[in-house]
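Examining the three-dimensional arrangement
If you want the building blocks of each chain, they are given just below.
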Amino acid sequence: MSSQLINIIVGLVSHLLVLVYYLVNLYQMNQEGGLVSSKVFTLWAIVIVAIIFLNIVGNILTYIVLSIVRAIKTGKAEEERFIVDERDKLIELKGVRVSYISFSIGVLISMLTFVIGQPPLVMFSLLILSGILAEITGDIAQLYLYRRGV
Amino acid sequence: MEKCQVRNNIRKFRFFQNEMTQEQLAEKVGVTRQTIIAIESAKYAPSLELAFRIALVFGVPLEEVFSYTSEDEPA
């Protein structure tokens, strides 16, 4: 398995964890009597920072662990080749495109909540949710392209 | 638009180069082994530059390594 593929899987897992955290917190707020703006804003901040932080830390840790594992396997302390070649870049671009399309659909659905008379907090909560789901869709699309071929 | 395919003889040329491994070829052309595997199995059509680099490693013209076949034509 290539380092790029492992990176995508790590990203996918971290995005799924953030999604679960976000949904559980939203559900709890709803159970406690609806969305409260101060709590919702804090949750958004936590979720956005968590996604950025997990992406960066996940990438760094993946490279470190992979280097150690390969050094143990080969018995040499050589510098590991973490090449991102043209195929990786193409797959990444296609994944980003899938993410954008998913996010656009999410934005449209969020806007529709106004039509059915929901408050703006619901719309923005759905926006954040569609952002996380778009990241997950992009990751899955990349995994699919790595397996099936470009 | 009709579907087209870039075919290749990389496996054959690797064999003629003293059974050069995919890893060795990947290192020489500056890509990952996974990309060489994808090209060999016709799952990925390389860029023109990469195709030239692969042909250069084998020391043969580009058209001997890669060929272009449309789906309706016989291979």
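Residues numbered from 1 in each chain as written. Chains lettered and ligands numbered in written order. Predicted model: local features only at pLDDT ≥ 70, side-chain atom pairs only at ≥ 80, totals over all residues. Heavy atoms only, no water.

Observations regarding the overall build of chain A
The helix and strand inventory of chain A stands at 4 helices and 0 strands. For chain A, the α and β elements follow one another from N to C terminus as α-α-α-α. Taking 150 residues into account, the globule formula puts the C-alpha radius of gyration at 15 Å, and chain A, at 19 Å, lies well above it. With the principal axes as the frame, chain A shows a C-alpha extent of 60 × 30 × 15 Å. In chain A, buried positions account for 35% of the 150 residues. Considering only intrachain contacts with a sequence separation of at least 6, the fraction spanning at least 24 residues in chain A is 78%. Accessible surface, chain A as shown: approximately 9,100 Å² in total, 71% of it carbon and sulfur. (Helix = DSSP H or I, 4+ residues; strand = E, 2+ residues; numbered from the N terminus. Rg over C-alpha atoms; globule rule 2.2 N^0.38 Å. Buried < 20%, exposed > 50% of the residue type's maximum accessible area, 1.4 Å probe, protein only. Contact = heavy atoms within 4.5 Å. Areas by Shrake-Rupley, 256 points an atom, 1.4 Å probe, with all protein chains shown as cover.)

Remarks on the overall build of chain B
Within chain B, the secondary structure is distributed over 5 helices and 2 strands. Moving toward the C terminus, one meets the helices and strands of chain B in the order β-α-α-α-α-α-β. Looking at chain B residue by residue over its 75 residues, the buried ones come to 37%. The contacts in chain B between residues at least 6 apart in sequence include a share of 57% that link residues at least 24 apart. When the accessible surface of chain B is totalled, it reaches about 4,700 Å², and 53% of it is carbon and sulfur.

Remarks on the confidence of the model for chain B
Residue and element names in this part refer to chain B. Model confidence for chain B is summarised by a mean pLDDT of 88, while 88% of its residues fall at 70 or above. Mean pLDDT across the elements of chain B bottoms out in strand β1 (residues 4-8) (81) and peaks in helix α4 (residues 48-58) (95). Here the prediction assigns the complex a pTM of 0.84, and the interface score ipTM is 0.81. (pLDDT = per-residue confidence, 0-100.)

Notes on helix α2 (residues 22-29) of chain B
Residues spaced three or four apart along an α-helix face the same direction, because each turn holds 3.6 residues. All names here are of chain B. When we look at burial in α2, the residues that qualify are Gln22, Leu25, Ala26 and Val29. Burial along α2 is one-sided: seen end-on, the buried residues are contained in an arc of 100°. Buried-residue contacts for α2 involve α1 (10-16), α3 (33-40) and α4. Phi turns positive, to about 80°, at glycine 30, one or two residues after α2. (Arc of directions from axis to C-beta.)

Remarks on a nonpolar patch on the surface
All names here are of chain A. Residues Ile48, Ile52, Ile56, Ile60, Leu61, Ile64, Ile68 and Ile72 make up a contiguous nonpolar surface patch of roughly 770 Å² in combined accessible area. In this structure, isoleucine 72 sits in helix α2 (residues 37-74). Since its relative accessible area comes to 65%, isoleucine 72 is described here as exposed. (Patch = residues over 30% accessible without salt bridge, like charges linked within 9 Å, V, L, I, M, F, W, Y side chains within 5 Å. Salt bridge = Lys/Arg side-chain N within 4 Å of Asp/Glu carboxyl O.)

Let's talk about the pattern of salt bridges
Summed over the entire model, instances satisfying the criterion amount to 5 salt bridges over all chains. A salt bridge links A:Lys39 to A:Glu32, with the shortest nitrogen-to-oxygen separation between them at 3.5 Å. Salt-bridge contacts for B:Arg11 lead to B:Glu19; the nearest nitrogen and oxygen are separated by 2.8 Å. By relative accessible area, B:Arg11 is classed as partly exposed at 40%. Taking the relative accessible area as the measure of exposure, B:Glu19 reaches 38% and is therefore partly exposed.

Some words on the side chain of A:Arg87
For A:Arg87, the location among the structural elements is in helix α3 (residues 86-115). It turns out A:Arg87 is buried and unbridged, and the closest side chain with the opposite charge, A:Asp88, is 4.7 Å from it. Not counting residues within four places of it along the chain, the set of residues in contact with A:Arg87 comprises A:Tyr146, A:Val150, B:Gln34, B:Thr35, B:Ala38 and B:Tyr44. (Lys, Arg positive; Asp, Glu negative; His and termini not counted.)

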